[in-house]
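# Structure at a glance
Each chain, written out:
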Amino acid sequence: MENNFLISVVLPVFNGEKFLSKSIESVLNQTYQNIELIIVNDNSNDNTLHIANQFAEKDNRVQVINNPVNKKLPASLNIGHNACKGDFITWTSDDNFYEADTLKILLDNLLKKEADVVYSNFTLIDDKDQKIREVTLPAIENLIFGNVISCCFMYRKEVYQRNNGYNEAYFLIEDYDFWLRAALHSKFYQINQSLYNYRKHEESLTNQISVDEAKNSLWKKNIKAMFLSFWENFVKNNYAEMAELSTKLLLFEKIEFDWIIANNNKIKEIKTAIKKNQNFPDATRIEKLFLKKTIEVMINEKDTKRNFSRSVFVMRNYANVLDKNSFKTLIKYSFLK
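Quick caveat, the model's predicted, so the values are computed rather than measured.

As a further point, take the overall build of the protein chain. Each helix and strand in the protein chain was counted, giving 14 helices and nine strands. For 337 residues, the compact-globule estimate of 2.2 N^0.38 gives 20 Å, and the protein chain sits close to it at 22 Å. In terms of overall dimensions, the protein chain has C-alpha extents of about 70 × 50 × 40 Å along its principal axes. Scored against the burial criterion, the 337 residues of the protein chain give a buried share of 53%. In the protein chain, the share of contacts with a sequence separation of at least 24, taken over all contacts with a separation of at least 6, comes to 75%. Computing the positive centroid from 45 side-chain charges and the negative centroid from 43, the protein chain places the two 8 Å apart.

Structure (structure tokens):
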């Protein structure tokens, strides 16, 4: 039996005239037609509102909300979500676009797997719509160290409600924060298909974090606050240490290997708590993830005089999951001087 649930698609946009039409068309031309598209124009000063209104005039599935002032992305997401009538929600960006079957595939998997959140791989494209490469996302356990949900997803309305929406204080990391908080109460499922086209270009928010000093500073500040809040809610004990580890790994900040050794027992307790979560039940994969991160810390340590003893430490603590490549890496760095 074909599903006929209403899917709500939120499209927040600020000065997106360049690619907006293609993004909107990719929503309206889906093979799954029972949708509503809620465009939230965040007080754009280009042709964005005119483009959005043109589509709304032609298709009654399109609703346009016009913010009287610029409210930024997380607030615009909340405004759009609060207008949704569907039981299933996703959101997209003005510079990206869906494959034709995306919404159907996302919904079918969400229902079949009895998940709360589903997400897929994507294709990286340039500003001329040319393919750069296919992006296969890491497994879900990597979420605790980075945003592996990325840009193509769907979730039940209850996920948004349980999260109390997007945190409007976390501009530039609003999506990652949303996924981390959702992982505390909702079941995730990864679809190993590329269903979305993510555009790499100079004006994107992702690129602005790299080139704009103010945005980069805000991004780092919010990352630190987000991890501290998340781990406090997740593990209760030793959350400050785990927040520090997650933050420094994501921001490529220096971590002393002696810190890893000193906090080893706390890390073990944290891993035990992580394995109790419904999204991270595979103990072996969690151990392998921490093995990988521990080796990263070791090889980034500029002082190599103690690498042999560090390698022994890693082997003792991760003997049950030590694979051939990890072993070779440890041996290699054991003898670097």
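More follows now that the structure is in view.
This next bit is on empty space enclosed by the protein. Counted according to the given criterion, the structure contains one cavity of 30 Å³ or more. One number sums up the size of the largest cavity: a volume of about 60 Å³. Around the largest cavity, the lining residues are Leu 245, Leu 249, Ile 260, Ile 267, Phe 290, Lys 293, Thr 294, Val 297 and Tyr 318. The leading source of residues in the lining of the largest cavity is helix H12 (residues 283-299), at four residues. In terms of residue class, the lining of the largest cavity is built from seven nonpolar, one polar and one charged.

What follows covers the layout of surface pockets. Quantified by volume, the second largest pocket comes out at close to 200 Å³. Listing elements by their share of the lining of the second largest pocket, those giving two or more residues are strand E9 (188-199) and H12. Among the elements that take part in the lining of the second largest pocket, E9 stands out by supplying three residues, more than any other. In terms of residue class, the lining of the second largest pocket is built from seven nonpolar, three polar and four charged.

All right, on to a nonpolar patch on the surface then. Together, Phe 308, Phe 327, Ile 331 and Phe 335 give the surface a local cluster of nonpolar side chains, amounting to about 410 Å² of exposed area. Within the fold, Phe 335 resides in the segment after helix H14 (324-334).

Okay, the packing of aromatic side chains next. The description of two aromatic rings rests on the distance between their centres and on the angle between their planes. Applying the stated criterion across every chain yields a total of 21 aromatic pairs. Judged by centre distance (5.6 Å) and plane angle (65°), the ring pair of Trp 91 and Phe 153 falls under edge-to-face. Of this pair, Trp 91 sits in strand E4 (residues 88-91) while Phe 153 sits in strand E8 (residues 153-156), and the two are 62 residues apart along the sequence. Each member of the pair, Trp 91 together with Phe 153, is buried. Seen from their ring centres, Trp 91 and Tyr 166 are 6.3 Å apart, and the 85° between their planes marks the pair as edge-to-face. Residue Trp 91 is found in strand E4, and its partner Tyr 166 is found in the loop between helix H5 (157-162) and helix H6 (174-183); the two are separated by 75 residues along the sequence. Per residue, the accessibility class of Trp 91 equals that of Tyr 166, and both read buried. Among the aromatic residues, those joined into a ring-pair cluster are Trp 91, Phe 153, Tyr 155, Tyr 160, Tyr 166, Phe 178, Trp 179 and Phe 188.

What counts, and at which threshold
Counting restarts for each chain: residues are numbered from 1 in the order of the written sequence. In keeping with the model being predicted, local features are shown solely for residues with a pLDDT of at least 70 and side-chain atom pairs are shown and tallied solely at 80 or more, while totals for entire chains, interfaces and linings include all residues. Side-chain metrics rest on all non-hydrogen atoms present in the structure, leaving aside hydrogens and water. Segments assigned H or I by DSSP are reported as helices when at least four residues long, segments assigned E as strands when at least two residues long, and all are numbered from the N terminus. Note on method: radius of gyration uses C-alpha positions; expected globular size equals 2.2 Å times residues raised to 0.38. Burial status follows relative accessibility: with a 1.4 Å probe on protein chains alone, a residue under 20% of its type maximum counts as buried, one over 50% as exposed, and anything between as partly exposed. Contacts were defined at the residue level, with two residues in contact if any of their heavy atoms lie within 4.5 Å. The charged-residue count follows a simple rule in which Lys and Arg add positive charge and Asp and Glu add negative charge, with His and chain termini not counted at all. Taken as the charge location is NZ of Lys, CZ of Arg, CG of Asp or CD of Glu. Grid points spaced at 1 Å over the protein atoms alone were grouped into cavities, where a 1.4 Å probe fits but cannot get out, and pockets, open sets with protein on both sides within 12 Å along at least five of seven lines, with lining residues defined by an atom within 4 Å of a point. Grid points are joined across faces, edges and corners, and a volume is the space filled by probe spheres set on the points. Residue type decides the class: Asp, Glu, Lys and Arg count as charged, Ala, Val, Leu, Ile, Met, Phe, Trp, Tyr, Cys and Pro as nonpolar, and the leftover types, Gly among them, as polar. Each patch is built from residues that are more than 30% exposed by relative accessible area and take part in no salt bridge. Like charges join if they lie within 9 Å; nonpolar side chains (Val, Leu, Ile, Met, Phe, Trp, Tyr) join within 5 Å. Residue-level accessible areas treat just the shown protein chains as cover; the underlying method is Shrake-Rupley with a 1.4 Å probe. Any carboxyl oxygen of Asp or Glu that lies within 4 Å of a side-chain nitrogen of Lys or Arg is treated as forming a salt bridge with it. Ring pairs shown here join Phe, Tyr and Trp side chains whose ring centres sit within 6.5 Å, with only the six-membered ring taken for Trp; geometry is labelled stacked below 30 degrees between planes, edge-to-face above 60, and tilted in between.

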